[in-house]
Structures are given as structure tokens and as C-alpha cells.
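Structural features, examined
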Amino acid sequence: MTVTLDLSGAKILIVGPHRPVSRPITLALAQSNDVWGLARFSRPQIREELEAAGVHCVSGDPDADGLAQLPADFDYVLNFVDVRSRDGDFNRDITANAEATGLLMRHCCDAKGFMHWSTTGVYHHAPNVLRTESSPLGDHHRSRDETYSIVRIACEAVVRTAARLYDLPSTIARLGAWYGPQIGWPAEHLESIVAGRSIEVHPDRPNTFSLIHQDDYVRMVPGLLRAASVPATIINWAGEPVSIEDWCGELGALVGRSPIFNYTSDAITSVVADRTRLHEIVEPSQVPWRTGLRQLVQGRYPDLLCDGEASA
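What counts and what doesn't
- Residues numbered from 1 in each chain as written.
- Predicted model: local features only at pLDDT ≥ 70, side-chain atom pairs only at ≥ 80, totals over all residues.
- Heavy atoms only, no water.
- Helix = DSSP H or I, 4+ residues; strand = E, 2+ residues; numbered from the N terminus.
- Pairing = 2+ DSSP bridges.
- Axes fitted to C-alpha atoms, helices over the stretch in contact; angles between N-to-C directions.
- Contact = heavy atoms within 4.5 Å.
- Expected span 1.5 Å × (residues − 1).
- Buried < 20%, exposed > 50% of the residue type's maximum accessible area, 1.4 Å probe, protein only.
- Phe/Tyr/Trp six-rings, centres within 6.5 Å; stacked < 30°, edge-to-face > 60°.
- Lys NZ or Arg CZ within 6 Å of the ring centre and 35° of its normal.
- Salt bridge = Lys/Arg side-chain N within 4 Å of Asp/Glu carboxyl O.

Examining unusual backbone geometry
Arg 205 connects to Pro 206 through a cis peptide bond whose omega is 0°. Relative to the helices and strands, Pro 206 resides in the loop between β9 (198–201) and β10 (208–213). A cis geometry characterises the amide bond from Val 230 onward to Pro 231, with omega recorded as -5°. Phi is positive for Phe 41, which is not a glycine, with a value near 55°. Tracing the backbone shows Phe 41 in the loop between β2 (34–39) and α2 (44–52). A positive phi angle, near 50°, is found at Asp 167, a position not held by glycine.

Listed below in C-alpha cells is the structure:
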């Protein structure tokens, strides 16, 4: 499905347009806007796809050198910077993400709106407790990615400060468990189910997350930009609560195989986002999770798609 956004004629910068989460947004915005993308573009085929859609691709990092290659007269900026050292180097990751975000906001300080991608993984461990935007923050994702949650919180602090410093209307959008026809956490689980590998889940069951389909999170972007303000607006960018157990059971039924769960305290715990504030500015999600998961199986394993129950 192609999503058309109700935003047109704007000059938009997207930092990190090549990522699985941001690429569908970039392609949707490029249909009727002047879109620029800043990234390293280490995979030439992705750059070619974006350029074919009309995106002006600039190779570089969101540091002084990379930003110097860009104009500064953007109407809107979407920040999907996400650099991870994978070896627990907090200093490197804070520099590459939080400091880079501050430099980006300075460069584009005259924009009409700045949207920063964050995550519901910034919340404190509290299994199956509904998290509002004012809920306590914490190191939720440490068992999966040592620096991730802390660095995302640091980025949020930078956005909040720079929004006030530059009077730059900003939105911090905490994205839930995103997925689409080819991407996302459920896609990883589908691969494990097909391969017969176990899926790690926390003993505090059910392991519930705010599942949101690509079509829905793309569709919400203009509303999130309109919500930008000083001080920065913080919004849970999330969909319906679904447990890993339920979505893996559905995936298993669709491919005729049962998921294998490995309950371990090393897995991340549930995080369920309150969507009250989100639904004040955008329409609720429109893609039912079972429909979305069927699309995922059709996209990755069309030959395995069936309508029966999962086998033992």
C-alpha cells in the first residue's frame, strides 16, 4: 500500500532516510515535497531507490562537515539519527547521536518544525503498566542494546533544550514496536519461526508492546509535525497493544509452524504506550494487527502462507 501524506510543497530534510523505519516516510514525503536526505548511504541500492523517487541524497554524518554540505532553509526537519557502536561505548554513541542532534537543530534553527524520532524504549521497567508521556524514564532496552535507551533519553534532552534555545517548534515522537510488509521486530520473529529458532521473551508475561504498522506511522507524520511547539511536544507514536506471544502465535498459524519461546530475564520487558495524547492530534491506527502480520508473511514468505492453525 502506498501512503500519500497531506503535506505538499515543503522543503524537508530527513536525517537517516535510508533506515527501514524512515525509508517509507521519506518515499511518501517525496511524492509532493522537495525532500533532502543526509546519511552515509553505505548501500548504493538504497540511495538509488531514494534518488529515483526524487530525494536529494547527500553523503555524510550530521556533524559539522556533513551539515556544511546542506542548505539551511528547510521548512521541516525529521531526525532519524541512530548510530550504535554495539560495543557499549556510551561516549561514542552520545557524541554520534545526542551531540549530532544539537548541531542539526542549530543548522536548521529557522525551520517551521523539527520532528525527532525517539522510542517507547525510554520508559522505566514496569511490565504491562500503561506509560503516558510523563511516566518515569529508564534503561529499558539494556539487555537488548546496552547504550540504546540512555542515548535516546540524552537525545530527547538535547531536543528539549535546543527547541527553547533556538525557539524551534519541535516534536519528540516515541515510536512503539513498528513493522511493515518487510520490516520490524515481528519480521525478526517470523524469521525465527520459519527457521525453527527460539524467540526470547521475558518471564513477566504477557510480553505486550504497542504494535504499529508502517502505513499508520507514516500517515501520522504530518500531524506530528503540526504538533511541534516550544517547549517541545512529547507524544507516544504507537499502535494497539499486542503481546509477542499473540503476534508470534498468529505468524506461526500463517506459516503452519509453532513459535518456540525461550523465557529469560535477559529479554526486554513489556512497554505499553498510552495513546490518548496521540489521538488528540491524529486519527487512530487503521491497519488491524492481524491484517498487518498477514501482509508481512505475504511479503517475506508468500509460498508458506496458509490459513490453518499452527502445527505442533
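What to know about the sheet that holds strand β7 (residues 170–175)
The strand order β3-β2-β1-β4-β5-β7-β11 describes an open sheet built from 7 strands, whose pairing is parallel. Because the sheet does not close on itself, it has two edges, and the strands there are β3 (56–59) and β11 (233–237). With strand direction ignored, the average angle separating the axes of adjacent strands in the sheet is 20°. The sheet contact formed by strand β5 (residues 113–119) and β7 spans 6 bridges and is parallel. Looking at β7, one finds that Ser 118 is bridged to Arg 174. Each of β5, β7 and β11 touches helix α5 (residues 148–166); the most contacted strand, β5, lies at about 160° to it.

Focus on helix α9 (residues 244–255)
With 12 residues, α9 extends 16 Å from end C-alpha to end C-alpha; this agrees with the ideal 16 Å at 1.5 Å per step. Buried residues dominate α9, accounting for 9 of its 12 residues. Of all the positions in α9, only Ile 244, Glu 245, Trp 247, Cys 248, Leu 251, Gly 252, Ala 253, Leu 254 and Val 255 are classed as buried. Just downstream of α9 lies Gly 256, where phi reads positive at about 75°.

Overview of the packing of aromatic side chains
We describe a pair of aromatic rings using the distance from one ring centre to the other and the angle between the two ring planes. Under the counting rule described, the total for this entry stands at 7 aromatic pairs. Measuring from ring centre to ring centre gives 5.0 Å for Trp 185 and Phe 209, while their planes differ by 80°; the resulting arrangement is edge-to-face. Of this pair, Trp 185 sits in helix α6 (residues 185–195) while Phe 209 is found in strand β10, placing the two residues 24 residues apart along the sequence. Take Phe 209: its relative accessible area is 3%, and that puts it in the buried class. Chaining the aromatic ring pairs together yields one cluster made of Trp 185, Phe 209 and Trp 247. Of note, Arg 205 hangs over the ring of Tyr 263, and the distance from its end group to the ring centre comes to 3.7 Å.

Structural notes on the pattern of salt bridges
What the rule picks out here adds up to 13 salt bridges. Two residues, Lys 112 and Asp 75, come together in a salt bridge whose shortest N-O distance is 3.9 Å. You can see Lys 112 sitting in the loop between α4 (90–107) and β5 and its partner Asp 75 sitting in the loop between α3 (64–67) and β4 (76–79), a full 37 residues away along the chain. Among the ionic pairs, Arg 84 bridges to Asp 82, the shortest N-O distance being 3.0 Å.

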